[in-house]
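Analysis of the macromolecular model
So the chains spell out like this:
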Amino acid sequence: MNPAWTLASKAAAVEAALNTLFCEPEPTPRVRLNESLRYSIVGGGKRLRPVLLLSFAELGGCDMDAAMDFACAIELIHTYSLIHDDLPCMDNSDLRRGRAANHCVFGEAGAVLAGDGLLNGAFELMLSSTSPIAAEYKLAAAAELAAASGRLGMIAGQVIDIENECHRVSPTAADLTQLCRLKTGAIIRGACVAGLKLAGVTDPEKLGAAARYADALGLAFQIRDDMLDVLSSAEAMGKSVGHDAENGKVTFASLLGIDGCRAEVDRLTDEAVAALEVFGGDEFLAGLAEMMARRDH
Ligand code: GRG
């Protein structure tokens, strides 16, 4: 099994499903929201979070197609967070997924509304999903994603990040780890745990192992992102780079140095792979953690 091919094939299945969304006629010709939603959602992004959700659902015995509405939903939530994060009042970035950020094309108010539309769209998709999965499992997975992306998860992380910036707080490595567990990690953990819950898994040992895999992967992912912000280019990344250094922002790269980051990413990747032992290992999920540790975009 080649994990890169499996990732490409799962990401392509997600892409095809996303491409069917937001195609219905708008309520009046003056509303052009679908164009804005499709601009941000179709044809970009690694689709890491939906692929994790699908893979953990499969690990729990659920068919990938049956879990697809939930995979799309998590990508809608992730994309809304990127649109809002790029706004001038947040990270103020003009480039996302290799093209102009949503607010540069549709205006600031348009981008706020597009984010809102994607977030609501995610819950509409999950709560009206007709896939052959017990309603109880769907509810458990939707609740997991709501909590992960909500006020005690991703949004809390964004609040801390913005507060740090406003008050010129210099976080320590421990502070940064806590921030990352929320801002980047919570939704990655949500993807893995929701995937298992969608498959009806309730065994605390398995749910705990999925959370441990996700926590290690999520932190490694953010550290790698901080490294790439220094080492890579806007062209390769499809988003602005060097922003953090320019703004004197404390990141894992500035705290640990590039070699320190590399060592930490390797340690966390081993931790993620070890967490899979409860499931008797999983070649794809182990390979995915290793690919993310070496990613160049
Ligand atoms: C606005 C509530 C709210 C939250 C924003 C996700 C986020 C929180 C901010 C985005 C900025 C950032 C650096 C987040 C860290 C996580 C990260 C590296 C996100 C980008 O994820 P990728 O690389 O993006 O998976 P693609 O485009 O591949 O989906």
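The notes below deal with the structure included here.

Definitions and limits used
Residues numbered from 1 in each chain as written. Predicted model: local features only at pLDDT ≥ 70, side-chain atom pairs only at ≥ 80, totals over all residues. Heavy atoms only, no water. Near = heavy atom within 4 Å. Polar contact = N/O pair within 3.5 Å; in protein donor to acceptor, adjacent residues only side chain to side chain. Helix = DSSP H or I, 4+ residues; strand = E, 2+ residues; numbered from the N terminus. Nonpolar A, V, L, I, M, F, W, Y, C, P; charged D, E, K, R; others polar. Phe/Tyr/Trp six-rings, centres within 6.5 Å; stacked < 30°, edge-to-face > 60°. Buried < 20%, exposed > 50% of the residue type's maximum accessible area, 1.4 Å probe, protein only. Lys NZ or Arg CZ within 6 Å of the ring centre and 35° of its normal. Expected span 1.5 Å × (residues − 1). Arc of directions from axis to C-beta. Contact = heavy atoms within 4.5 Å. Core = buried A, V, L, I, M, F, W, Y, C linked by side-chain atoms within 4.5 Å. Axes fitted to C-alpha atoms, helices over the stretch in contact; angles between N-to-C directions. Parallel < 35°, antiparallel > 145°, perpendicular 65-115°, else oblique. Left-handed = near helix turned anticlockwise from the far one by under 90°.

Neighbouring the ligand are 17 residues; K46, R49, H78, D85 and R97 lie closest to it. In this structure, an oxygen atom belonging to the ligand sits 2.6 Å away from a side-chain N or O atom of K46. At 2.8 Å from an oxygen atom of the ligand is found a side-chain nitrogen or oxygen belonging to R97. Mapped onto the shell around the ligand, the elements with two or more residues apiece are α4 (68–86), α8 (154–166) and α11 (204–231). Considering every element that reaches the shell around the ligand, the biggest residue donor is α4, with six residues. Broken down by class, the residue content of the shell around the ligand amounts to four nonpolar, seven polar and six charged.

In total, this model carries three aromatic pairs according to the counting rule given. With a centroid separation of 6.1 Å and an interplanar angle of 75 degrees, the aromatic rings of F56 and F279 are classed as edge-to-face. Here F56 is found in helix α3 (residues 48–59), whereas its partner F279 is found in the loop between α14 (252–275) and α15 (283–294), with 223 residues between them in sequence. A relative accessible area of 0% places F56 in the buried class. The class of F279 is buried, set by a relative accessible area of 16%. Each member of the aromatic cluster is reached from another via a ring pair, and the members are F56, Y213 and F279. The ring of Y39 has R99 lying over it, and the distance from NZ or CZ to the ring centre is 4.1 Å. Taking NZ or CZ as reference, R295 lies 3.8 Å from the ring centre of F221, over its face.

Time to look at helix α1 (residues 3–18). Taking 1.5 Å as the rise per residue, α1 with 16 residues should run 22 Å; its terminal C-alpha atoms sit 22 Å apart, in good agreement. Burial in α1 covers these residues: T6, L7, K10, A11, V14, A17 and L18. Taken down its axis, α1 places every buried residue within 125 degrees of arc, on the same side. The elements touched by buried residues of α1 are α2 (33–41), α3, α4 and α15.

Before going further, it helps to spend a moment on the nonpolar core. Across soluble globular proteins, nonpolar side chains have a tendency to be buried as a group. L52, L53, F56, L76, Y213 and L288 are the most contacted members of the largest nonpolar core, which totals 87 residues. It is α11 that contributes the most residues to this core, 13 residues altogether.

Moving on, we get to the packing of α4 against α8. Relative orientation of the contacting elements α4 and α8 amounts to 15 degrees, with a least axis distance of 12 Å. With respect to their mutual orientation, α4 and α8 come out roughly parallel. The interaxial crossing formed by α4 with α8 has right-handed handedness. Touching I77, Y80, S81 and D85 of α4 are M154, I155 and Q158, all from α8. Each residue belonging to the contact of α4 with α8 can be placed in one class, and the counts come to four nonpolar, two polar and one charged.

Here we come to the packing of α1 against α4. Relative to each other, α1 and α4 sit at 80 degrees, their axes nearing to 10 Å. By the angle between their axes, α1 is roughly perpendicular relative to α4. Facing α1, whose interface residues are A13, V14, A17 and L18, α4 presents M68, C72, E75 and L76.

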